[in-house]
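# Report on the structure
Spelled out from the first residue to the last, the chains are:
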Amino acid sequence: MTLASPPRVAPGLQAFTVLIARGVQSTVDGLSAEVRQAVLAQLFRLGADACREHANRVACNPYTLRLDVADCRMHVELDPTRTRLSLTGLTRPRPH
């Protein structure tokens, strides 16, 4: 999955690529439509926030975020230098 920039981007703004690791894609596909939408929306929100935060700044090392969204634990790697955000892990609670 890729977040594409519009044809004309304001100077200083970048588009972030949003990736879902192959091993995580099946977990995303197995989520209910509502939960999947919440998870994907959070990924794109993080990418948009990262564009604003890291625009025109000195290079920064990649870092990992752990987030709880719609009862799922997301592991997201953000690489501002490469303008890439990757969903590297997704777990959801087991039914009781």
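Here the structure is a predicted model, which is why all the values come from computation and not from measurement. (Residues numbered from 1 in each chain as written. Predicted model: local features only at pLDDT ≥ 70, side-chain atom pairs only at ≥ 80, totals over all residues. Heavy atoms only, no water.)

## Points about the pairing of strand 4 (residues 84-91)
For clarity, the cut-off: Whether two strands pair comes down to DSSP finding at least two bridges between them. Helix and strand assignments follow DSSP, with helices taken as H or I runs no shorter than four residues and strands as E runs no shorter than two, numbered in order from the N terminus.
Where strand 1 (residues 17-20) meets strand 4, 4 bridges bridge the pair, whose relative direction is parallel. The partner of Leu-19 across the bridge, within strand 4, is Ser-86. Judged from the 7 bridges that link them, strand 3 (residues 72-79) and strand 4 form a sheet pairing that is antiparallel. Paired with Val-76 across the two strands is Leu-87, which belongs to strand 4. Where strand 3 folds back on strand 4, the antiparallel hairpin that results is connected by 4 residues, among which Thr-83 adopts a positive phi of roughly 50 degrees.

## Observations regarding the confidence of the model for the protein chain
Heads up, the condition is: Every residue gets a pLDDT, meaning the predictor's confidence in that residue, from 0 to 100. By definition, residues are in contact when any of their heavy atoms lie within 4.5 Å.
On average, residues of the protein chain carry a pLDDT of 81, and 76% of them reach 70 or more. This model gives residues 1-10 a pLDDT under 50, and the stretch forms 13 contacts once residues within four places in sequence are excluded.

## Points about unusual backbone geometry
Residue Asp-71 is not a glycine yet carries a positive backbone phi of 65 degrees. Position of Asp-71 relative to the elements: it lies in the loop between strand 2 (63-69) and strand 3. A positive phi angle, close to 50 degrees, is found at Thr-83, a residue other than glycine. In this fold, Thr-83 is placed in the loop between strand 3 and strand 4.

## So, the nonpolar core
Heads up, the condition is: Residues belong to a common nonpolar core when they are buried Ala, Val, Leu, Ile, Met, Phe, Trp, Tyr or Cys residues joined through side-chain atoms within 4.5 Å. Think of it in three bands: with a 1.4 Å probe and only protein chains considered, a residue is buried below 20% of the maximum accessible area for its type, exposed above 50%, and partly exposed in between.
Counting residues in each nonpolar core, the largest one holds 21 residues, and the members touching the most others are Leu-43, Met-74, Leu-85, Leu-87 and Leu-90. Only strand 1, helix 1 (22-29), helix 2 (33-54), strand 3 and strand 4 provide two or more residues apiece to this core. Per-element tally for this core: the top contributor is helix 2, with 7 residues. Other than its neighbours up to four places away in sequence, Leu-85 contacts Phe-16, Thr-17, Val-18, Leu-19, Leu-43, Leu-46, Gly-47, Val-76, Glu-77 and Leu-78.

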